[in-house]
Amino acid sequence: MTQSIVVQVGQCGNQIGCRFWDLALREHSSINKQGVYDEAMSSFFRNVDTRYENHSDIPCGNAKGKIRSLKARAVLVDMEEGVVSQMVKGPLRGIFDHQQLITDVSGSGNNWAVGHMMYGPKYREQISETVRKAAEACDCLQCFFVMHSMGGGQ
Ligand SMILES: Nc1nc2c(ncn2[C@@H]2O[C@H](COP(=O)(O)OP(=O)(O)OP(=O)(O)O)[C@@H](O)[C@H]2O)c(=O)[nH]1
Ligand SMILES: [Mg+2]
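From a predicted model like this one, the values you see are computed outputs, not experimental measurements.

J.: Outline the nonpolar core, supporting the account with residue identities and numerical values.
T.: Core analysis: the biggest nonpolar cluster contains 20 residues, and Trp21, Phe45, Ile95 and Phe96 have the highest contact counts within it. Breaking this core down by element, the ones donating at least two residues are helix H1 (10-31), strand S3 (70-72), strand S4 (74-78) and helix H3 (82-89). Top contributing element to this core by residue count: H1, with four residues. If you look at the next biggest cluster of nonpolar residues, it comprises 12 residues, including Ile5, Val75, Ile102 and Ala134.

If you want it as structure tokens, here you go:
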């Protein structure tokens, strides 16, 4: 089975991403009634529970807030930390760890030049390193989804 990595950037990208992960978990729990880690699940989630040898024995649960063994194959980038902070405090908090988050405080204020000239060079290395680590956790990487608005300074 192949895997996909979601890169969500800026307020819009992260808000849409938040809906995406919520829906992915809902779909999983309505189709996979036993709540086990299967191949379909591995497309968007990696399993960090090392206690089980056989993948299909791994319980990954259905209740969103309680999931601890699943981590989204995602990189969250926003130079204004508000939306990402809300996400990691909300019901989806269990599926992200802090190594997947790249945030700053002030944002670009809808100014593309600030994003391009200031935050771009400052965070380029960290973003590519985080994406590289997400790619290394895949057996067979199929694609990247990049979610962002067409406006905004990102
Ligand atoms: N469809 C949709 N559009 C959004 C959403 N949030 C913001 N936008 C649109 O995105 C554009 C602004 O871009 P943002 O994503 O807020 O900006 P940003 O990427 O965070 O960049 P800065 O805040 O300028 O650093 C505006 O056109 C908004 O209408 C959302 O949740 N859904
Ligand atoms: Mg913003």
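J.: How would you sum up the site of ligand 1? Please name residues and give values.
T.: The local shell around ligand 1 holds 15 residues, among which Gln15, Ser108, Asn110, Gly153 and Gln154 are the closest. Backbone polar atom of Cys12 to an oxygen atom of ligand 1: 2.9 Å apart, as the coordinates give it. In this structure, an oxygen atom belonging to ligand 1 sits 3.0 Å away from a side-chain N or O atom of Ser149. If ligand 1 stood free it would expose 650 Å²; the protein chains cover 64% of that surface. By residue number, the principal contributor to the shell around ligand 1 is H1, which donates four residues. A class-by-class count of the residues in the shell around ligand 1 yields one nonpolar, 12 polar and two charged.

J.: Got a sec to walk through the packing of H1 against H3? Specific residues and values, please.
T.: In the contact formed by H1 and H3, the axes pass within 9 Å of each other and the chain directions differ by 20°. By the angle class used here, H1 and H3 are roughly parallel. Remark: the crossing between H1 and H3 carries left-handed chirality. Along its contact with H1, which presents Gln11, Asn14, Gln15 and Cys18, the element H3 presents Val83, Val84 and Met87. By residue class, the composition of the contact of H1 with H3 is four nonpolar, three polar and no charged.

J.: I'd love a proper account of the pattern of salt bridges, names of residues and values included.
T.: Once their charged atoms are close, side chains differing in charge can pair, the charge on each being opposite to the other. Within the structure shown, the criterion is met by five salt bridges. The residue Arg132 makes a salt bridge to Glu129 at a minimum N-O spacing of 2.6 Å. Here Arg132 pairs with Glu129, and both are found in helix H4 (residues 112-136), just three residues apart, close to one helical turn. Owing to a relative accessible area of 37%, Arg132 belongs among the partly exposed residues under this scheme. Under the relative-accessibility criterion, Glu129 is labelled partly exposed at 33%. Across the salt bridge formed by Glu136 and Arg132, the nearest N and O atoms sit 2.5 Å from each other. Taken together, the residues span about one helical turn, with Glu136 and Arg132 both in helix H4 at a distance of four residues.

Scoring rules and cut-offs
- Residues numbered from 1 in each chain as written.
- Chains lettered and ligands numbered in written order.
- Predicted model: local features only at pLDDT ≥ 70, side-chain atom pairs only at ≥ 80, totals over all residues.
- Heavy atoms only, no water.
- Core = buried A, V, L, I, M, F, W, Y, C linked by side-chain atoms within 4.5 Å.
- Buried < 20%, exposed > 50% of the residue type's maximum accessible area, 1.4 Å probe, protein only.
- Helix = DSSP H or I, 4+ residues; strand = E, 2+ residues; numbered from the N terminus.
- Near = heavy atom within 4 Å.
- Polar contact = N/O pair within 3.5 Å; in protein donor to acceptor, adjacent residues only side chain to side chain.
- Areas by Shrake-Rupley, 256 points an atom, 1.4 Å probe, with all protein chains shown as cover.
- Nonpolar A, V, L, I, M, F, W, Y, C, P; charged D, E, K, R; others polar.
- Axes fitted to C-alpha atoms, helices over the stretch in contact; angles between N-to-C directions.
- Parallel < 35°, antiparallel > 145°, perpendicular 65-115°, else oblique.
- Left-handed = near helix turned anticlockwise from the far one by under 90°.
- Contact = heavy atoms within 4.5 Å.
- Salt bridge = Lys/Arg side-chain N within 4 Å of Asp/Glu carboxyl O.

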